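Architecture at a glance
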Amino acid sequence: MGNKKSMNDIKLFVLDMDGTFYLGDRIYEGSLDFLNNVKETGREFIFFTNNSSKAPRDYIEKLKKMNCYIEKKDILTSGDVTIEYLKSYYNGASVYLLGTKELEKSFKDAEISLVTTNPDIVVVGFDMTITYEKLERACTYIRNGAKFIATHVDINCPTEEGFIPDCGAICAAIELSTGVKPEFMGKPTDKTVAMITKLTGYQAEEIAFVGDRLYTDVATGVNNGSTGILVLTGETKLEDVDKSEIKPDFIFNSIKDIGDSL
């Protein structure tokens, strides 16, 4: 289904990963065909995941096992958007990070000053290594005036066994304790669209965000002057669309069907 927007106007597809391109370690049928169709029709794609627990190189390795070969320039994470934002607006600021070793390495590689006391900013990611001490420190520093930034809004992360608490859930605990709301990066914020336009040279109206979640993937497109395309292979079912304020520009059963329509 669609509205006044046309698939012909899309020059860059920004693809969600889990629930859209693969689930866990299993690639969806037609995902590789989709990428071929994108290239054959003179368009481009990049992958974008809100999951900040891993670095782009981890995803490159994961995709390689699925016979999908990409380079660093073909993938962004909410962690990358956060790093870009910090370097643009808070260059030189000190950061207390709630994140995995992989995210920590990405911050260090970007020469962001990571500290364990008196930071200017507390950054919360999808921290699968979180401890009570980290949580307590984050709350104390925010209470003492540190800025509160979070990599992405996702409350739960899908796994093959079910859902696990994501960045938004960790932030909810901190917000409840401190009374301070975080400034979110990643999808569906305009910061993500700004970074993608800056890196690729495409205008917002030439970009489509493809994914299985209305409140992140689709919302990034429809709220920021781009196109939002919903696939029904992940979290969202067709009946959820009726109840949602966020309406996709297009709905497809799978990424394979998008490829077939190009």
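A short tour of the structure in this document, coming up.

What counts and what doesn't
- Residues numbered from 1 in each chain as written.
- Predicted model: local features only at pLDDT ≥ 70, side-chain atom pairs only at ≥ 80, totals over all residues.
- Heavy atoms only, no water.
- Helix = DSSP H or I, 4+ residues; strand = E, 2+ residues; numbered from the N terminus.
- Polar contact = N/O pair within 3.5 Å; in protein donor to acceptor, adjacent residues only side chain to side chain.
- Contact = heavy atoms within 4.5 Å.
- Buried < 20%, exposed > 50% of the residue type's maximum accessible area, 1.4 Å probe, protein only.
- Pairing = 2+ DSSP bridges.
- Axes fitted to C-alpha atoms, helices over the stretch in contact; angles between N-to-C directions.

Right, let's talk about the side chain of K187 for a bit. If you trace the backbone, K187 turns up in the loop between β12 (183-184) and α7 (190-200). Among the polar contacts made by the side chain of K187, one reaches the side chain of D16 at a distance of 3.3 Å. If near-sequence neighbours (up to four positions away) are discounted, K187 is found in contact with D16, F48, N50, V153, T192, T216, D217 and T220.

So, about unusual backbone geometry. Glycine aside, residues mostly have negative phi, and peptide bonds are mostly found in the trans state. Cis geometry is adopted by the peptide bond preceding P188, which originates at K187 and carries an omega value of 10°. Phi angles above zero are rare outside glycine, and E111 is one such case at about 60°. On the secondary structure map, E111 appears in the loop between α4 (101-109) and β7 (113-114). One non-glycine residue with positive phi stands out, namely N118, at about 45°. Here N118 is to be found in the loop between β7 and β8 (121-124). On the basis of relative accessible area, N118 is assigned to the exposed category, the value being 63%.

Here we take up the sheet that holds strand β1 (residues 12-15). Strands sit in the order β5-β4-β1-β13-β14-β15 across an open sheet of six strands; the sheet is parallel. Both edges of this open sheet fall to β5 (75-77) and β15 (250-252), since each of them pairs with a single strand only. In this sheet, neighbouring strand axes are inclined to one another by 25° on average, regardless of whether the strands run parallel or antiparallel. Judged from the four bridges that link them, β1 and strand β13 (residues 207-211) form a sheet pairing that is parallel. Note that in β13 the partner of F13 across the bridge is A208. In this fold helix α1 (residues 31-40) packs onto β1 and β4 (44-49), with an angle of close to 135° to the strand it touches most, β4.

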